[in-house]
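A structural walkthrough
Letter by letter, the chains look like this.
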Amino acid sequence: MARPRVVITGIGAITPIGLNVPDFWRNLLGGQSGIGRLTRFDPSDLPCQIAGEVRDFDPARYMDARAARRMARCTQLALAAAAEAMKDAGADGGGLSLTDPERLGVYFGTAMGGIDRADDGITRLRTHGFSRVSPFDGPASIPNSAAYQIAQTYRALGPNATIATACATGTQAIGEGSEFIRRGRADVVICGGTEAFIRDFAVAGFAAMRGLPTSYNDQPQRASRPFDRDRDGFVLSEGAGVLILERLEHAQAR
């Protein structure tokens, strides 16, 4: 018996070169770089002072502002990208307009999760004491927070999983999400990857292992050159990408 064919019916992206798919694709084809000097903190004492930051991102445009304050940045990015992907798939009315909630799955990936919230919580505790610790720092920092928020938002009651496999995370999420459909566990799966790891200790750590470029601090837009013989490291960046995967017959029927 042939396994079900899986198709992509929606795409969403929040990136350093575009806060939606059309802008991202246009800038990508135009050769625009999203790499610049770090603005989240003063990088002057570090050998690498550049990164791919998502600029002008306002989570309140995509979700309730109060809820957004309880999330880590990677979860905010994921939820924003998921909103675009779901709309692109024709789910303007939410997950119920796509399929039975128990046939709607989520398979999402992140290498580091909400480590920014963990870092903030630790700093507040050690600097200001217990009274300044937020009860949301712990839940927001766990890796499956993005998958949970997406499932809750779209009432996805089907299979739900989180993958953390470093640089392969997003690719594996797509592969494993496809298997949910091929095995008959879901008709539609929201899948993708998200990362927001631009912190001083992260840049310092990767720089210490000589993994980041140090020759392009004055020319950050030239730093990302993975196939160049003179490359001297990858560029730490952030963003989220989401695909809506669907069983072919299910997509054709709707």
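From a predicted model like this one, the values you see are computed outputs, not experimental measurements. (Residues numbered from 1 in each chain as written. Predicted model: local features only at pLDDT ≥ 70, side-chain atom pairs only at ≥ 80, totals over all residues. Heavy atoms only, no water.)

1. Some points on the pattern of salt bridges
- One pass over the structure, following the stated rule, counts 16 salt bridges.
- Ionic pairing is found between arginine 103 and aspartate 187, a salt bridge with its closest N-O pair at 3.0 Å. Of this pair, arginine 103 sits in the loop between α3 (73-88) and β4 (104-109) while aspartate 187 sits in the loop between α7 (169-182) and β6 (188-195), placing them 84 residues apart in sequence.
- According to the relative accessible area criterion, aspartate 187 is buried, its value standing at 8%.
- Residue arginine 254 is joined to glutamate 246 by a salt bridge in which the shortest nitrogen-to-oxygen separation is 2.7 Å.
- Under the relative-accessibility criterion, arginine 254 is labelled partly exposed at 41%. (Salt bridge = Lys/Arg side-chain N within 4 Å of Asp/Glu carboxyl O. Helix = DSSP H or I, 4+ residues; strand = E, 2+ residues; numbered from the N terminus. Buried < 20%, exposed > 50% of the residue type's maximum accessible area, 1.4 Å probe, protein only.)

2. What to know about the sheet that holds β4
- Spatial strand order, β1-β7-β6-β4-β5: 5 strands in an open sheet with mixed pairing. The two strands at the open ends of the sheet, each matched to only one other strand, are β1 (6-14) and β5 (160-163). Each strand axis lies, on average, 15° off the axis of its neighbour in the sheet, ignoring direction.
- Of the strands in this sheet, β1, β4, β5, β6 and β7 (239-247) touch α7, which is tilted by about 160° from β4. (Pairing = 2+ DSSP bridges. Axes fitted to C-alpha atoms, helices over the stretch in contact; angles between N-to-C directions. Contact = heavy atoms within 4.5 Å.)

3. Observations regarding unusual backbone geometry
- At alanine 166, a residue that is not glycine, the phi angle is positive and equals roughly 50°.
- As for its placement among the helices and strands, alanine 166 is situated in the loop between β5 and α7.
- Among the residues examined, alanine 166 registers a relative accessible area of 52% and is labelled exposed.

4. As for the pairing of β7
- When you tally the buried positions in β7, you get 7 out of 9 residues, the bulk of the element.
- The pairing of β1 with β7 spans 8 bridges and is classified as antiparallel. Bridged to isoleucine 11 within β7 is leucine 243.

5. Details of the nonpolar core
- Residues Ile14, Val106, Phe108, Ile150, Ile190, Val242 and Ile244 are the most contacted members of the largest nonpolar core, which totals 35 residues.
- If you list the elements that add at least two residues to this core, you get α3, β4, α6 (145-153), β6 and β7.
- The element best represented in this core is α3, accounting for 9 residues.
- Those residues in contact with valine 242 that sit more than four places away from it in its chain are Gly10, Ile11, Gly12, Ala78, Ala81, Ala82, Ala85, Phe108, Ile190, Cys191 and Gly192.
- Ranked by size, the runner-up nonpolar core spans 17 residues in total, among them Phe197, Val203, Leu212 and Ala223. (Core = buried A, V, L, I, M, F, W, Y, C linked by side-chain atoms within 4.5 Å.)

6. A closer look at the packing of aromatic side chains
- Evaluation of the coordinates by the stated rule reveals 5 aromatic pairs.
- A centroid spacing of 5.4 Å and a plane angle of 20° characterise the contact between phenylalanine 57 and tyrosine 62, whose relative ring orientation is stacked.
- You can call tyrosine 62 partly exposed: its relative accessible area is 23%.
- Where phenylalanine 197 meets phenylalanine 206, the ring centres are 6.2 Å apart and the plane angle is 90°; that geometry is what we call edge-to-face.
- With a relative accessible area of 22%, phenylalanine 206 lands in the partly exposed category.
- An aromatic cluster is present here, built from Phe197, Phe201, Phe206 and Phe234 joined pairwise through their rings. (Phe/Tyr/Trp six-rings, centres within 6.5 Å; stacked < 30°, edge-to-face > 60°.)

No statement about biological role is implied by the geometric values presented.
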